[in-house]
Amino acid sequence: MSSFVTKRQGLLRLGASTTLSQYVISPILAQFHKKEKGISIHLINGNTAQIENALLNKEIEVGVVEGQSKNQSIKYVPFLKDELVLVCRANHPLAQTNEIAIATLKTLRLVTRERGSGTLEVIEYALKPFHIKIDQLQIEMQLGSTESIKSYLLNSNCVAFMSIHAIEKELKNKELQIIDVDNLTIERYFYIITLQGKSDSLSELFIKNISS
């Protein structure tokens, strides 16, 4: 084991939820590989529930996920702060509106992620204090990836809650527009997850690198 650690070689199986794998984790993996060329990383992606299940089934050693609920068999370490914002296409009728009342959400057509998505879970949690449930919203479509939601928004009059990390390019190119919602701020952390009481040298090395 000591020679294994010294050589810093081996395979690390990593899981990342969809938003993270598409917009956050790849640059981090590139930087990690520059430092640790002897370590190969096998990355799988899926929604938060799928990544947590992969960890519990020991299909991966480390995960990076979004979401509000916690599984007691999993250790969660805050990794990166995120904000979910309501967005629409730039020429949407609401695009020039400075702010909408939270009750207006019930009148809008929404696109959301699928059940099991950490993003959807966080939205549900944030709307609870306002006594608004997901099934009270006019959900036109549930899609399995952030990219598909963005494409749908650009071709419809729907709105969606999305990670600010996922829409940087579209905001810069003036394709999407943020709609402020009165008294609603949805902030969350992305979490590094490992099994409770389980640790290995490669996982520790990876977590130390991406947390620094």
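All values reported here derive from a predicted model rather than from experimental measurement.

## Comments concerning helix α5 (residues 118-127)
Then step 1. With 7 of its 10 residues buried, α5 lies for the most part within the structure.
Then step 2. Capping of α5 at its N-terminal end is provided by Ser117; its side-chain oxygen lies 3.1 Å from the backbone amide nitrogen of Thr119.

## As for the side chain of Thr18
Then step 1. Mapping Thr18 onto the fold places it in helix α2 (residues 18-23).
Then step 2. Taking relative accessible area as the criterion, Thr18 reaches 10% and is therefore assigned buried.

## Some points on the pattern of salt bridges
Then step 1. Taken as a whole, this structure holds 9 salt bridges when the rule is applied.
Then step 2. Between Arg13 and Glu61 there is a salt bridge; the shortest N-O distance is 2.6 Å. On the criterion of sequence distance, the pair formed by Arg13 in strand β1 (residues 10-17) and Glu61 in the loop between α4 (48-56) and β3 (62-65) is long-range, its members being 48 residues apart.
Then step 3. In this structure, Glu114 engages Arg113 in a salt bridge whose closest nitrogen and oxygen atoms are separated by 3.0 Å.
Then step 4. A relative accessible area of 5% places Arg113 in the buried class.
Then step 5. By sharing partners, the salt bridges in this structure join Glu66, Asp82 and Arg188 into a single network.

## Describing unusual backbone geometry
Then step 1. Unusually for a residue other than glycine, Lys58 sits at a positive phi of about 60 degrees.
Then step 2. The backbone of His131 shows a phi angle near 55 degrees, a positive value even though the residue is not glycine.

## Thoughts on the packing of aromatic side chains
Then step 1. A full pass over the atoms with the stated rule returns 2 aromatic pairs.
Then step 2. Measuring from ring centre to ring centre gives 5.2 Å for Phe32 and Phe206, while their planes differ by 85 degrees; the resulting arrangement is edge-to-face. Of the two residues, Phe32 sits in helix α3 (residues 25-35) while Phe206 sits in helix α8 (residues 201-211), which places them 174 residues apart along the sequence.
Then step 3. Between Tyr76 and Tyr191 the ring centres are 6.0 Å apart and the planes differ by 90 degrees, which places this aromatic pair in the edge-to-face class. Of the two residues, Tyr76 is situated in strand β4 (residues 74-89) and Tyr191 in strand β10 (residues 186-195); the sequence distance between them amounts to 115 residues.
Then step 4. Accessibility expressed as a relative area gives 17% for Tyr76, which makes it buried.
Then step 5. Its end group placed over the ring of Tyr76, Lys70 keeps NZ or CZ at 5.5 Å from the ring centre.

Cut-offs applied
Every chain is numbered independently, its residues counted from 1 as its sequence is written. Where local features are concerned, this predicted model is filtered to residues with pLDDT of at least 70; where side-chain atom pairs are given and counted, the filter is 80 or more; whole-chain, interface and lining totals use all residues. Side-chain descriptors were evaluated using all non-hydrogen atoms of the structure, hydrogens and water having been removed beforehand. For each residue, the accessible area found with a 1.4 Å probe, counting protein chains only, is set against the maximum for its type, and the residue is called buried under 20%, exposed over 50%, and partly exposed in between. A run of H or I in DSSP becomes a helix once it reaches four residues, and a run of E becomes a strand once it reaches two; helices and strands are each numbered from the N terminus. Pairs of N or O atoms within 3.5 Å make up the polar contacts considered here, provided that, within protein, one atom can donate a hydrogen while the other can accept it, and that residues adjacent in sequence are counted only when both atoms are side-chain atoms. A carboxyl oxygen of Asp or Glu within 4 Å of a side-chain nitrogen of Lys or Arg is what we treat as a salt bridge. Aromatic pairs are defined between Phe, Tyr and Trp rings, using the six-membered ring for Trp, whenever the two ring centres lie within 6.5 Å; interplanar angles under 30 degrees are classed as stacked, those over 60 as edge-to-face, and all others as tilted. By definition here, charges over rings are those cases where NZ of Lys or CZ of Arg is within 6 Å of the ring centre and within 35 degrees of the ring normal.

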